[in-house]
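Reading the structure
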Amino acid sequence: MASSPTFNPSALLPTSSTLPSALPDRTTTNLALDALLRDSLRPSPSNVWGPGPLLLSDIPQNVLDDKDRGVILGIDEAGRGPVLGPMTYGAAYWLPDSTVPADFNDSKQLSPEKRAALFKEIRKSENIGFVLRVLHASEISRNMLRKVPYNLNAMSHDAAMEMISAVLAAGVKIDTWLSSTLTTSSRSSFPIYSYIDTVGNPDAYKSKLDRVFQSHGIQFIVEKKADAKYATCSAASVVAKESRDEITKNWQWTETNNYEPQNAKDFGSGYPSDAVCKKWLEMNTNCDPPFGFPDFVRFSWGPAKNALKGEGGKNDHIVRWEADEEEEDESGGKQSSLDVFVVSKNGNKRKSSTVDRKKRLGVFNDLGLSKVMKFVESS
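This one's a predicted model, so the numbers in the text were calculated from it and none came from an experiment. (Residues numbered from 1 in each chain as written. Predicted model: local features only at pLDDT ≥ 70, side-chain atom pairs only at ≥ 80, totals over all residues. Heavy atoms only, no water.)

What about the packing of helix α5 (residues 152-169) against helix α6 (residues 202-212)?
As a packed pair, α5 and α6 sit with axes 11 Å apart at the nearest point and diverge in direction by 35°. Of the two possible hands of crossing, α5 and α6 adopt the one that is right-handed. Counted together, Ser156, His157, Asp158, Ala160, Met161 and Ile164 of α5 and Tyr205, Lys208, Leu209 and Val212 of α6 form the full contact between these two elements. Partitioning the contact of α5 with α6 into residue classes produces 6 nonpolar, 2 polar and 2 charged. (Axes fitted to C-alpha atoms, helices over the stretch in contact; angles between N-to-C directions. Helix = DSSP H or I, 4+ residues; strand = E, 2+ residues; numbered from the N terminus. Left-handed = near helix turned anticlockwise from the far one by under 90°. Contact = heavy atoms within 4.5 Å. Nonpolar A, V, L, I, M, F, W, Y, C, P; charged D, E, K, R; others polar.)

As structure tokens, then:
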């Protein structure tokens, strides 16, 4: 099939009502993937509810040729813990008797060279389909700072379900058998599985997946360390990890024209326990007044908040936004007023203060209702 000579990366950004379609062929898939990994594709900062990109590769030809047969599918993520950069979710699938690399393993246990080589194998394979969902730091942060917080576990679950929905919408049957030698007539007596590396409690996660996809008859296997047990999860882990590394390496700053942070991209692993990362955060608290950080930083996270409360914050901007007392951040603690997120006045440390308010009924918060302060008589 002829492929397009160019690809418009904006086609990878889902709308509120639709997911991107499967790409037409492997050449176009790789053009799209290159654009996503190279161009730091993300919604406009003004699109505060915009989801990050979702790429659905072309469907392998052997799957298209035999739609009655089902694929084995696995899902895994990368970048859940860092305070910098995106979290990426990957899915990989193939027919049970397809020829695929035999040495898939948990991507974190592979050498960088081996993982990169396997990613190249996945990208050129005619038998492997894959999905990539990117949750940028800005998406994670604004979700966690909603009036009704949308936490990282919920985002992770929804990202996995988005990918499964995209594969099903493309007409792919999710399926796996205990043996590739089973005949068609014997398959109906075996359950249908999808393998997923768990986020949070595996039983609760499985129940959630069962409810959402009950009409498709999929029996989900949700386990800890599934990426080290099942080849499709291992392949998904490679897709997620390699994609995150490439996006991070090629990150394009958008805060101001020709903006470049201090120490550039020398931020270490991006984990808050990394001394190099901590130093980078402290050096780059003033790039985007009054909120301090570029959108590469998960500014809703504790380490980012703490960096802004230190001596690094020197701008004179003060913002106060009172959060409800019962709201919690990602660490389980109560949210503070927004003045602890922004840079300090005159370099002085500002004390964190939780808001002392009478607890409201949940329905008022869910509906976004506030007190009436003034009545205006209509003419």
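Considerations on helix α7 (residues 231-249)
Relative to the 27 Å expected for 19 residues at 1.5 Å per residue, α7 spans 27 Å between its end C-alpha atoms, a close match to the ideal helical length. Counting buried residues in α7 gives 14 out of 19 residues, a clear majority hidden from the surface. (Expected span 1.5 Å × (residues − 1). Buried < 20%, exposed > 50% of the residue type's maximum accessible area, 1.4 Å probe, protein only.)

Some remarks on the pairing of strand β3 (residues 87-94)
The buried count for β3 comes to 8 of 8 residues, which makes it a mostly enclosed element. Across the two faces of β3 the burial is the same, with Met87, Tyr89, Ala91 and Tyr93 and Thr88, Gly90, Ala92 and Trp94 all buried. As paired strands, strand β2 (residues 72-78) and β3 are joined by 7 bridges and run antiparallel to one another. Within β3, the position partnered with isoleucine 72 by the bridge is tryptophan 94. Alignment of β3 against strand β4 (residues 129-135), held across 7 bridges, turns out to be antiparallel. Paired with alanine 92 across the strands is phenylalanine 130, a residue of β4. (Pairing = 2+ DSSP bridges.)

Some details on the nonpolar core
Looking at soluble globular proteins, one finds that nonpolar side chains tend to be buried together. With 82 residues, the main nonpolar core has Leu55, Ile75, Leu84, Ile164, Leu209 and Leu281 as its most contacted residues. When residues of this core are assigned to their parent elements, the largest contribution, 10 residues, is made by α5. Discounting residues that sit within four places of it in the chain, leucine 55 has contacts with Leu12, Leu23, Thr29, Ala32, Leu33, Leu36, Phe130, Val131 and Leu132. (Core = buried A, V, L, I, M, F, W, Y, C linked by side-chain atoms within 4.5 Å.)

Quick notes on the confidence of the model for the protein chain
Predicted coordinates in regions of low pLDDT should not be interpreted in detail. In this model, the protein chain carries an average pLDDT of 77, and 73% of its residues clear a pLDDT of 70 or more. When the criterion is pLDDT under 50, residues 176-192 qualifies, and its contacts beyond four places in sequence or with other chains add up to 22 contacts. Note on residues 311-319: pLDDT under 50 across the span, and 35 contacts to partners over four residues away in sequence or across chains. (pLDDT = per-residue confidence, 0-100.)

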